[in-house]
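Residues per chain are reported as follows:
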Amino acid sequence: MASRAPIQAVRADFLDPSLYDDTGLAGVPRLSRGTLLTALSRAFDLAEGRRPGHAQRIAYIGVYLATELGLDSARIEEVFFGCLLHDIGMAAMPAAPRVETGRGSKLISGTASAREVLAAVPTGGWVDVLQALTQHCDVGSKIVRRLGLGEAVAKAVASHHDCWDGSGLPGVQAGERMSMVARIVAVADRVESMIDAEGSPLLVRRRGPQLVREMAGSELDPDLANTMATLASRDEFWLGFYDNDLAATLMSLNYGGIMGREDLFDFLGVLSDIVDSRNGRESGRGRRVAELARRVAIVCDMTERRADLVQVAALLQDIGTLGVPSHVLSKPDILTIDEMAIVQLHPTYARDILSEVPGLGAAAWWVGCHHERIDGKGYPGMLEGDDVPVEAQIIGMAEAFDALTSDRPYRRAMSPADAFEVMRGLGGTRFDPYLLDRFESTAGPFQA
Ligand SMILES: [Fe+2]
Ligand SMILES: [Fe+2]
Ligand SMILES: [Fe+2]
C-alpha cells in the first residue's frame, strides 16, 4: 500500500495579514447600527450556544413576515433589531442558566418558550429556571435601551418568550397586549427554533407550514402564525433563508442609520460593557483599556485615524470570549488543559466575526493577535517578532496593565509602579522593549 504523505503541521503564518487589511487604514469606517450588529450577532449566537447565524435567520424571518403584513418601514426596522437582539441578554450574563432535559443540559434560551421549559424540567427546580429565563429577557431589554434602539425593540426583547395564550412567564403580557413588533419577534424566534430542530431543509420545507399552524393560538398569535405558514409554503422564502449571502443582505439594509465617530464609540462602549459583564469584570474596564490603547498609539507616532482604529479594536478585543462557556470563564480554580484550549479560541472567534464588518479587516487582524508574544510563545498563531502587529501589542499592553492594577479575587490591585516593574519583565519576550518604554511614558500620566 502506498504510504500517505504526512499531514503538514499548520504553519503559524498560513493566514496572510494582508487579507485583512481592507481599510487602507482610513480610520473608523462609517457603519450603520444594523451592519455592525448583524456581524456581531454571531458572537451573541456563541453565547447562546446556537448554530452560527441563528440571530440573522430570525431577523430574516421577522423582516419577511413584517413586510408581508405591510408594516411601515419604522416598524420593520424595530422587528429587525428585536429579532437580531432577542437573546443579547444571554451574552451579558456571567453564568448562563441551563435546563436539564434528561438527555443532557442545554442553555435555557435555546428552548422556545416557558411552556417548553416547564415540559423539559421534570419536577421541581423550574421556578429557578423560569426566573433565569425572565432574567435574560430583562437584561436584554436594558441593553437595547442603552444601545438607543428604542422602547418598542426593548419591549419585544423583554417578551420574546411569552405565549399568546398567556402560558408564558408569570405576570407578563400576552395576547393582544403584546405589541405587533413583539408578536412578530416571538413568531420568528419560534419558527427558527422549529426549523433548526427539524434539521433537514427538505423535510422542513415539506412539514414547516403545518408545524407553524400547530402553534397558532397557543404559543403564537393565530393570524400571524397562519400568515407565516403561508409564507413557509413559498420557495422564495426558503431560498432566502438558506442563502449563503444572508448576512450581507441584512447588512445592506443599513437599518438604524449610519453612525458618526462619537456614536460609534458610544455604541461599541455598550458592547464592551457586555463583555466585561460576561467576564465578571467591572463595567467600563474595556472602555478604559481602549482609551489607554488609543493614547499609546498616538505616542507611538500613529495618526489620529489609525489610533481611532486601535481604540475600536481594543473595545472589541474580547468579544470572542462570548464563545467561551461561562462556567469556564468564571471558574475559580486553575483551568484544565482542555479548558485553556477553549479560552485560547477567543481571539480567533473575534477575528473571524470582526472580519465580516466592512472596514474592520485590519482591526480584526490586530484583535486576532492580541495574545501573541514576540518570542513566539503566544496564541493562536505563535507569531514571532515583527510578525506580531504593533497595534496588537499596544492592545495587549493596555489590557495587561489594567489587569495588574485592578483588584482580583486572589490578589489586591498593584500600584502603577509595581505593575510597570512586572511589565518591564515582559520586555523581549511578550512585548517589544521599545514599545514598553513608550507605553510606560503614556500609561503613567494616564493613571495620575
Ligand atoms: Fe435565541
Ligand atoms: Fe431567549
Ligand atoms: Fe483576550
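As the structure is a prediction and not an experimental result, all values here were calculated from the model.

Parameters and conventions
- Residues numbered from 1 in each chain as written.
- Chains lettered and ligands numbered in written order.
- Predicted model: local features only at pLDDT ≥ 70, side-chain atom pairs only at ≥ 80, totals over all residues.
- Heavy atoms only, no water.
- Helix = DSSP H or I, 4+ residues; strand = E, 2+ residues; numbered from the N terminus.
- Buried < 20%, exposed > 50% of the residue type's maximum accessible area, 1.4 Å probe, protein only.
- Contact = heavy atoms within 4.5 Å.
- Areas by Shrake-Rupley, 256 points an atom, 1.4 Å probe, with all protein chains shown as cover.
- Salt bridge = Lys/Arg side-chain N within 4 Å of Asp/Glu carboxyl O.
- Donors = N, O, S within 2.8 Å, 3.2 Å for Na, K, Ca; no water.
- Tetrahedral: all angles 85-135°; square planar, octahedral: opposite > 155°, others 65-115°.
- Phe/Tyr/Trp six-rings, centres within 6.5 Å; stacked < 30°, edge-to-face > 60°.
- Axes fitted to C-alpha atoms, helices over the stretch in contact; angles between N-to-C directions.
- Nonpolar A, V, L, I, M, F, W, Y, C, P; charged D, E, K, R; others polar.
- pLDDT = per-residue confidence, 0-100.
- Expected span 1.5 Å × (residues − 1).
- Polar contact = N/O pair within 3.5 Å; in protein donor to acceptor, adjacent residues only side chain to side chain.

Draft legend 1. Fine view of the overall build of the protein. A count of helical and extended segments in the protein gives 22 helices and two strands. Here the protein holds 448 residues, and the buried ones make up 54% of them. When contacts within the protein are restricted to residue pairs at least 6 apart in sequence, long-range pairs at least 24 apart make up 69% of them. A total accessible area of about 19900 Å² is found for the protein, and carbon and sulfur atoms account for 53% of it.

Draft legend 2. Quick look at the pattern of salt bridges. In the structure shown here, the tally under the stated rule is 33 salt bridges. Here R288 makes a salt bridge to D402, at a shortest N to O gap of 3.0 Å. Here R288 is found in helix α14 (residues 285-299), whereas its partner D402 is found in helix α20 (residues 390-404), with 114 residues between them in sequence. Residue classification places D402 among the buried residues on the basis of a relative accessible area of 5%. Between R351 and D352 there is a salt bridge, with the nearest N and O atoms lying 3.5 Å from each other.

Draft legend 3. Just the coordination of the iron ion (ligand 1), in detail. Only E48 (OE), H54 (NE2), H86 (NE2) and D87 (OD) from the protein reach the iron ion (ligand 1) as donors, at distances of 2.1 to 2.3 Å. Written as a sequence motif, the donor residues of the iron ion (ligand 1) are E-x5-H-x31-H-D.

Draft legend 4. Local environment of the coordination of the iron ion (ligand 3). Only D318 (OD), H346 (NE2), H370 (NE2) and H371 (NE2) from the protein coordinate the iron ion (ligand 3), and they sit 2.2 to 2.3 Å from it. Coordination at the iron ion (ligand 3) is irregular: its four donor atoms span angles of 83 to 173° at the metal. Counting along the primary sequence, the residues that act as donors to the iron ion (ligand 3) give the motif D-x27-H-x23-H-H. Here H346 is found in helix α18 (residues 346-354), whereas its partner H371 is found in the loop between α19 (361-368) and α20, with 25 residues between them in sequence.

Draft legend 5. Inspection of α19 at higher detail. Within α19, eight of the eight residues are buried, which leaves it mostly tucked inside the rest of the structure. Turning to α19, its buried residues number three or more, namely G361, A362, A363, A364, W365, W366, V367 and G368.

Draft legend 6. Spatial organisation of the packing of aromatic side chains. Scanning the entire structure with this criterion turns up 13 aromatic pairs. Centre to centre, the rings of F237 and F241 are 6.1 Å apart; their planes meet at 25°, and the pair counts as stacked. In this pair, F237 and F241 are both assigned in helix α11 (residues 235-241), four residues apart and thus about one turn of the helix distant. Note on F241 and Y242: the rings are 5.0 Å apart at their centroids and 85° apart in plane angle, and the pair reads as edge-to-face. Given the relative accessible area of 4%, F241 is considered buried. Accessibility expressed as a relative area gives 34% for Y242, which makes it partly exposed.

Draft legend 7. Molecular detail of the packing of helix α1 (residues 33-48) against α18. Close contact between α1 and α18 brings their axes to 8 Å; oriented N to C, the two are set at 145°. Across the interface between the two elements, A39, L40, R42, A43 and L46 from α1 touch Y349, I353 and L354 from α18. Tallied by class, residues from the contact of α1 with α18 come to seven nonpolar, no polar and one charged.

Draft legend 8. Inspection of the confidence of the model for the protein at higher detail. When pLDDT is averaged along the protein, the result is 86; 84% of the residues meet or exceed 70. Below pLDDT 50 for its whole length, residues 1-13 participates in three contacts with residues either more than four positions away or in separate chains. This stretch, residues 101-105, has a pLDDT under 50; its non-local contacts, to residues over four places away or in other chains, come to six contacts.

Draft legend 9. Structural context of helix α9 (residues 201-213). With 13 residues, α9 extends 18 Å from end C-alpha to end C-alpha; this agrees with the ideal 18 Å at 1.5 Å per step. What α9 keeps buried is the set V204, G208, P209, L211 and V212. In this fold, the buried residues of α9 make contact with α8 (180-198), α10 (222-231) and α11. Its side-chain oxygen at 3.2 Å from the backbone nitrogen of L202, S200 defines the N-terminal cap of α9.

Draft legend 10. View of unusual backbone geometry. Following Y379, the chain continues into P380 via a peptide bond in cis, with omega recorded as 5°. Tracing the chain through its elements places P380 in the loop between α19 and α20. In the Ramachandran plot, D301 falls in the positive-phi region, its phi being about 70° despite a non-glycine side chain. Mapping D301 onto the fold places it in the loop between α14 and α15 (304-315). Located in the positive-phi region is M382, a residue other than glycine, with phi close to 50°. Residue position: M382 is located in the loop between α19 and α20.

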